[in-house]
Structures are given as structure tokens and as C-alpha cells.
Amino acid sequence: MAKYHWQSQNVKQSGVDDMVLLSKITEDAIVDNLKKRYMDDYIFTYIGPVLISVNPFKQMPYFTDREIELYQGAAQYENPPHIYALTDNMYRNMMIDGENQCVIISGESGAGKTVAAKYIMGYISKVSGGGSKVQHVKEIILQSNPLLEAFGNAKTVRNNNSSRFGKYFEIQFSRGGEPDGGKISNFLLEKSRVVSQNENERNFHIYYQLIEGASAQQREALGIMTPDYYYYLNQSGTYKVDGTNDSKDFQETMEAMQVIGIPGDIQTQVLQIVAGILHLGNISFIEAGNYGQVESTDLLAFPAYLLGIDPNRLQDKLTSRKMDSKWGGKSESINVTLNQEQANYTRDALAKALYARLFDYLVESINKAIQKPYEEFSIGVLDIYGFEIFQRNGFEQFCINFVNEKLQQIFIELTLKAEQEEYVQEGIKWTPIEYFNNKIVCDLIENKLNPPGIMSVLDDVCATMHAKGEGADGTLLQKLQAAVGTHEHFNSWNSGFVIHHYAGKVSYDINGFCERNRDVLFPDLIELMQSSEFNFIRSLFPENLNTDKKGRPTTASSKIKKQANDLISQGTFADQRRYLFLGPGLDSYAILTAETWPCWRGPEQQGVLHLLRSVNMDNDQYQMGRTKVFVKNPESLFLLEEMRERKFDTFARIIQKAWRKFIARKKYEQMREEASDILYNSKERRKNSINRNFVGDYLGLEQRPELRQFLAKRERVDFADSVNKFDRRFKSIKRDLILTPKGIYLIGREKVKKGPEKGQIKEVLKRKMEFGGISSVSLSTRQDDFFILHEAQYDSLLESNFKTEFLSLLSKRYEEVTKRKLTISFGDRLEFRVKKEGWGGGGTRIVVFQKGPGDVAQLKPGGKTLSVTIGDGLPKSSSSLYRRTAALLLKHTLRSLSSAHQNGGAKFPRGPHNPQADITYSSPQKQGRPLQGGPPKLGSQRGPRPPAPNQYNQGNLDFLNVPDQGMSGKVWFRPPPAPKPQPRPQGPRCRALYQYVGQDTDEISFEANDVLDLVKEDPSGWWTGRIGGKEGLFPGNYVEKI
Ligand SMILES: Nc1ncnc2c1ncn2[C@@H]1O[C@H](COP(=O)(O)OP(=O)(O)OP(=O)(O)O)[C@@H](O)[C@H]1O
Ligand SMILES: [Mg+2]
């Protein structure tokens, strides 16, 4: 067997698509491969189940609808690696396995995580369906991005749109795979940015958006000035970002608030808080005799106005604080005046608290808009701030890098470590792979005791420090030195400490650690905001100050530690190592061989070996573990995967084919009905004609080049048949009549008179009629097959068995081309004009139709009149008899297909291992029908129903006029007719909505409006009923219960 490479389908090769295919997996080889691909504009590369993306910093052309289509439902090996492939895979796994999925996006700041997250959301939104409610949810999910980015992203030196918060976004789905809900969890917003930014960085985008985008009225109401006016914006001296239009973004932010359903008055309040913070920042303090004093009391009024608080009270709370003090046994509250530094700190604390609570409110309002009462399926996307190293790294970087360190842990747990542990468990021989397990770094940071980690030491110091604890940071550094000074990933330096992270060494400046970690909002400030005249602002400060005082306040680091660990223990990060091993049992690959499908009879291990051998896997390529089989080279596994995907592909094609056939049949059904409508009430029908189906081309033009030569190259044939044409003397001659969208062709045969082919009989185009030239068609009212085509020059008297079908198609095409209805007239005395030939000819002839014996027309020409006699046909009001339901049609087509496959083709998966197939086919497919209730009766033993032996032999497809040998097997397989059941007492009954003609001996037939006894309703859709003493099956949707 030829070994094929799983990538051979890719058009262009740049390095390898999946780096597990690298012969040596070293850092150099990986970087080299990524580079090669990057140079060729391939930003995506797999490494097993992990997708690596390299930021191209330019728009790549492969994110269009075309790619969305391409990756949808495609096998992994079919297309180059892509975020859409990963997303599609998640989506499909969720739907097929019914399991929640999650993608962790990690990478340093600016790597492209947020962009990737948005591609994921966009893809899901595009490929999933849903009604208007779902559309609304999708819109909110997509709109949440600009809103959260406006308030949570900022320009840093690493990334112009850097996420300054972590986000875990769950998109929730209905059982049908429609995104009908969602939930966002946000992590530790970098709120210090609200009050100060490093050089070349900005505050959160919303500030610049508001300043650039506010209307004149808003500027007035909110006191909008240029950004350099505000202390909270002018410290970094950076206001603009290349390629960002703050004014336009502002409109988008406001629109997003609208879509999310934030009421107009609250939107105003949101902006008021944003502006209020800016104005708050401009309140400065001077030192007056060891006390902080508001420098310019004029500046108090505006922020107080925007926040709905009393300016004096604001001044008071910024410069003094109530302190509880214990005096003797009593505790007493005293007012303490703050110094200048403490006052600045208090102001900033208020600004940060306002902003952070506002941000939480926005997240909550998104959640409210898309929350679901209960969860079904979900896909989670974790997009956090990436690992970062700056010139100066503070407490925020410490937290951010800690979260990234934790993520790396998850990654290791899910891949390397889990895999190697499994080898040990399974007793597999393997060479250990060296990898750095960063748990040691995580422990250094978060350990509670023995030795306490950095965060524990930090919390201890914070618990004992006072208001603004001067020297606390120094104490911290000392204590850290004592606690973890000898740790191999820790060093201290004069103004901080260094952590050796998995991603590199980062030196942290200890300055501000304690203050930022404490993160307490003094009750004074809460009280102040609770005095706001605005409901909305009061709702952001819901604390009950009388009861919430107790206990050690939570710190920023303990919060982030908890959030990070919650995230990991949520269990959302299920094992996704699809390619690393074969699961126990044979489920995934059982379809590969006939012996293993639907189930392997024998020991499981033998079954696995059988499968591996069936794909010719070399012995050294796998090892049998205790419960699993391990495949060494991923390529070998891809072989299995590919074989499996191909199998599924075949099945998909079968279903597709069935569907197409079904559609085609439906079209014919419709045509037939339309045809009988044409003749309805005008012409008697041939006794055998009504239920004949249409097929159109009765000449088989595909194989008739001598006829096709008169048509254009790919001209479509609507109808083709051999007809009788009558001349002026009513002599009949055979003509081939062809109808195409271009017109009507009449082809005859003549002897060649001259040339090398002299004497031979050749096809000649006798006549071509364009639709525009046809004036009408006339027919008799009797059951004969004559019709006259009236044309501008002269008329044609023709006779065809398939006139109804021809007329139906002709009138359709005629109407399409001429935009007029074709006139069809009926009469028993018809006139037709004959062709002028030479001197003679011209003039008209008459055909008279009369009642006579028999169903075959008798012709009697006499001079210029032809008389046609024929017996009575079916009444003129006969209409097409059965209108079938979709399910029934599908049943036939599927039945024929599945039977076609029994003839040597692939077996259609069936049986208990394939619930999908059960659901999809149970009603239409005959095999799914229930056996009749009760013990088997003598003479009616039923095994599984044998398939129809020939694909033409399906229900009512006999119109295809297949030669009889196609039916020969039918007799063989038919079960003997069921014995007549005993009459039963009257039970439930139903009335037939449509006629149903039994397709098999165990089915019953009935006419519309017949009343039948209902014996059994079966969920498969095949009910049992009794009529005229016969009991049998029929489709339940053909009747109504009475
Ligand atoms: N697939 C991409 N195609 C084109 N440009 C990209 C792509 N991914 C990222 N970029 C560019 O890189 C910038 C940074 O990407 P992004 O904001 O996603 O980084 P991030 O990993 O989320 O960083 P942070 O951790 O700072 O939030 C984007 O604003 C965009 O300009
Ligand atoms: Mg980001």
C-alpha cells in the first residue's frame, strides 16, 4: 500500500504545517520552520493540537467569507492551518461529542491574542444559524468587543491596543448549535492606569474617544477640554495613536452600549463618570503645616457636580479620614487629617474605584443581555493580557506575569506532563523529554506556607501597614529576602526583586507594591459616593458599611490568585489531546473495516491490532499500553485519521446524493402536477398516464451525438422523444422532437443524395421553432395523443405518448422566454395550416375527433379532413393522484441508495453505535420501521428487511422503465404476505389526508378521506393501521386522527 502523506493535499508547501512532523523538535528547528512560513505569509502552524500564530502586522488575505466556507466542516488535513480550522474543530466537537470546549490564547503582549479571539467569535457567528433572538445575541457578543476595548484597552509601548484586563468569554449554545447566550468573566483591570501612565503610553481609550468624539453639547455638559488639560492624561505626553481614529471609535462605543441595551440615561451617566474622573484628577493638594490642603477649591465644584456629590463633602473626604481607635475597652471614631501625599493617594483611590466599578458594570450589563437561564453547550475563549517586560515593572506586571505563569502551567499539565505520566501508567517504554515545569515559579509566587510565597508575604505586610504605610515597601523587600531569598528563581536588588519566569527574567520595582496590593477603598469614600444624587452611581457602591467592616480586607494579589486558580479548576480546560493517542475501545476508528463495524466481536486489544494492520502500520510505530495504544509517529496516526475522515466524506456524499435525488424527484412531482393542471377539465386523460412520472429525455441524447449535433454545446435538453408527424395527406412519419430552452427541434432522417456518403441514411434538422414564433397549441378533448403546434409559417400535427409532459415543459419555457402564457386550446375539430411547397401546397387541413371503440385512436383520412375515433378516457377532472410528503420521498431515495451500497459499495453505518444515523433516518428509512407488535406470527417471520436489489426499484420510481432484470431480485427478497389479522374491537381511528399506495406487501393502501383503524402509532413515523380487513404499515403523516 502506498503511504500517502497527510499534507499532500495542500497546494503550497512552506516548511511543515504541523511541527510534530519535524524530524528533530528543537527550538532552532521550530523557529526556523515558523520563519520559513512567515516569509511565505503563512502565519499559522500547528504543533499537535496547539495552533501557533505569528503576528503579521498586516491584513492577510485569508480571513474572508471564502475561507469561512472553506474551513467549515473540512477535515484538518484538507486546508492549511488556520484559526478557523481550530474554531471549526471546537464547534464540531462540541456538537458531536456534546462537550464544552475552550481555547486558551497565550502569548506576550502584542502577539495577537485579542485579534485571534475576535476571529474566533466572528467565525462562530458566521457558521452558526439562528433566528432573530440568536442574531441579537450574536450582535451583542460581537459588539462587546468595541465596548470592552474602549474601557479596558490602552496604548502601551508594546501594543497600541493592549488589553489591560483579562477576559474569559463563554459563548453558550443551544442543542442545535446556535449561540443563544454567553458569559464574560473579567480579571484584574489594570486600574493604576486611570491615574498614571508611563511615557509613550496612554490612559484607557475611552478618555481620548470622549475628548475627540463628544458633541458640542456633551463637551459643554461634561467640561471637555483638550487632553493636556487633565492631569490624568498629560503625565505621559502621548495623546494620539497611529492608525486610530478616536472620534470614530467613540461613535462605535456608544453604538455598542446601545446594542447591549444600556439605557440612554445610564449612557449619559457612564460618560459623566468618565469625565468626572478626569476632573477629579485635576484637584491638587498643597502641604500646609503638615496637612494636605486643596490647592484650588474652584476645581472641586465641577467633579462634584458630575458625580452628584457635595463639593464640601468631597473636599473633606479627600483631606481627612475617620479612624477607629480603641480607647480603653471602647472603640471610638476620630477624624484624622491627611497630609498632601495621603490626600493625593485618596483622590487616586477614588478615581480608580470609580473606574473599576464602572468597568465591572459594563461587563455585567453585557452578561445580563446575553445570560441564559440554564447552560447547554459552550465554547470558552480565554484572552488575557500577555506576559510583559517593561523598563520599569510594577505590581501590575507582577500580577499579569503571574497569570501568564499559571496559564503556562495549564498548558504543561494538558500536554507534556499529562502525556508522560500516562506513559508511566500504561507501562509504555519511552524516552523522557526534558521540559521546564514552571510549577516552581508559580509556587514561588503563590505558596501559602513553607516557605510562604511572595503574595503571602505581601499580604502579611499589607495587613499590618497603616493608611499610607511609609516604608512598607522596604519592609516587604526585607521580608521577601528572608522568606524566599534563596529560591533559585528569585533574586533581590536594591529597589526590588527579580523573578526568573518561564518566559524570562523580570525585575520588579518594589515601589508601590503594598499600596496597590491593599486595594482597600476607605469607608469614607464609599460613604461619599453613597451620598451621590445619582442612583446609578450609588448602585456602584452597594457596600453596607455597618456590617461589611469585619475581617481582613481582600487584597489585589489574593483576588488574582483566586481568579486564576478558579479558572483552572473550573474544569473547562478539558483534555484536548486528540492526536496524541487512540482512546480506549474502537469507537473512533471502528468504521475503517467491516470487521470492526458496527462492533468488533473479540478482545478489544485484538480489535485495535486488526485496525492498525488494516492501515498497514509498521510494528515499530505503535505500542500497546494497558488501556490504550500509543502511536509513535504522528504521521502514522494521521494515516488513521485521514482514512477515517475519508470514510466520513463518503458517507457525506451518500447523504448529499440522496438529497439531490430527492430534490430532483420533488421537481418532477411538481412538474407532473403542473402538467395535469394544464389539461385539467379540458381533456380526458389516458387511463395509464396520470401517475407516470416525468423524466424528460426519452431518447437518451447523452449517447446520441447524431442528434446532439443540432444543439449547441452544452444546450440543456428539457424533453426529447420520438413522435409521429402527419403531413398534408395525413401520412405519418417518425420525427425526433427535442425541447430545449432555445426552442423546439424536429429531426428527421433522409438518404444522402450526393457525395461520399451517398445512399446512407442521415439525420437532418427538419424544423426548428423558436418560442417567439409559436402562437398556440391545440388539442382534442378526448384521450388521444394528438397536438398541433401553431407557428407563424405553418402548423405541425404531431402525436406523442408524452404530450402532457411536453406541453407542461413547453409552456414553462415559453413563458420564461416570451413573458406570455402559452395559449392552449381544446376542441374536437382542429384546423392546421400546411407548409407551402413549390406551386402547390398551402391551405388548411381539418382533424375531427369522435367517440369510437377502444383506447387506441383509429385514423381515417379523407381529402382535407382526418377523422380520429377513440373510446372515452378518464374524466377531464382527473388530477395527479398522490401528493407525497417529503419524508416519504426521502425514504425512497435513501432506501435505494442504501441498497445500492449493499451491492459491493461501502456499508452505510447503522445500528446502535450510530445514534446520528438513527435520528436522521428513523422516519424516512424503511429499515428503521418497527417490527409489528406481539409475538412473531407464523408465516410472517421478519428478519431485517432486505434491501431493494436495484437502485431503480424504489417505490414509485418505476417510471424509469428499467428493463425487468433490474427487478428480478425483488421477488426473492419479498417476505410472504402477512396473514390476515382477526377483526378487532373498534379502537382509535384516523382519516387519510392523502391517497397512499402501499409500496410493499406489508403496507396498506388507501384513498384520501378513507377512514382506517389505528392499530399502533410508532415514533418512527410508520404506523400500523387496518382498512378493508387488511392490516399493515403506512406513513403516519398521511392521516389525521379522529
Ligand atoms: N492576525 C493579524 N493580522 C493582522 N494584524 C494583526 C493580527 N494579529 C495582531 N495584529 C496586529 O497586532 C496588534 C496587537 O494584537 P493584539 O491586540 O491582538 O495583541 P494581544 O496579544 O492581545 O496583546 P495584549 O496582551 O497587549 O493585549 C493588533 O492591533 C494588530 O495591529
Ligand atoms: Mg489583547
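Model, not experiment: these values are computed from the prediction. (Residues numbered from 1 in each chain as written. Chains lettered and ligands numbered in written order. Predicted model: local features only at pLDDT ≥ 70, side-chain atom pairs only at ≥ 80, totals over all residues. Heavy atoms only, no water.)

1. Topic: the side chain of Gln409
Definition in use: Under the scheme used here, helices are H or I runs from DSSP no shorter than 4 residues and strands are E runs no shorter than 2 residues, and both carry numbers assigned from the N terminus. For every residue, the accessible area obtained with a 1.4 Å probe (protein chains only) is divided by the maximum for its type, and the residue is called buried under 20%, exposed over 50%, and partly exposed between those limits. Any two residues whose heavy atoms approach within 4.5 Å are treated as being in contact.
Along the polypeptide, Gln409 turns up in helix H15 (residues 395–426). Accessibility expressed as a relative area gives 8% for Gln409, which makes it buried. Beyond its immediate stretch of four places on either side in the chain, Gln409 contacts Asn437, Asn438, Lys439 and Cys442.

2. As for the coordination of the magnesium ion (ligand 2)
We apply this condition: Coordination here is defined by N, O and S atoms within 2.8 Å of the metal (3.2 Å for Na, K and Ca), and since water is not considered, a site can look incomplete.
Only Thr114 (OG1) and Ser163 (OG) from the protein coordinate the magnesium ion (ligand 2), and they sit 2.0 to 2.1 Å from it. Pair noted here: Thr114 is in helix H4 (residues 113–127) and Ser163 is in strand E5 (residues 162–163), with a separation of 49 residues, a long-range link. Residue Thr114 is classed as buried on the basis of its relative accessible area of 12%. On the basis of relative accessibility, which here comes to 8%, the residue Ser163 falls in the buried class.

3. Some thoughts on the sheet that holds strand E36 (residues 1039–1041)
Quick reminder of the rule: By the convention used here, strands pair only if DSSP detects at least 2 bridges between them. What counts as an axis is a line fitted to C-alpha atoms, over the stretch in contact for a helix, and the angles between N-to-C directions run from 0 to 180 degrees.
If you trace the five strands from one edge of the open sheet to the other, you get E35-E34-E33-E32-E36, paired in antiparallel fashion. With partners counted over all chains shown, the strands left at the sheet margins are strand E35 (1030–1035) and E36, one partner each. Ignoring which end each strand starts from, the neighbouring axes of this sheet average 45° apart. The pairing of strand E34 (residues 1022–1027) with E35 spans six bridges and is classified as antiparallel. By the bridge assignment, Thr1024 is partnered in E35 with Leu1033.

4. Some words on the pairing of strand E9 (residues 291–294)
Here E9 shows a clear split, with Gly292 and Val294 buried on one side and none of Tyr291 and Gln293 buried on the other. In terms of strand pairing, strand E8 (residues 285–288) meets E9 through four bridges, oriented antiparallel. In the strand pairing of E9, Phe285 is matched with Val294. The hairpin formed by E8 and E9 contains two residues between the paired strands, and Gly289 there has a positive phi angle of roughly 55°.

No statement about biological role is implied by the geometric values presented.
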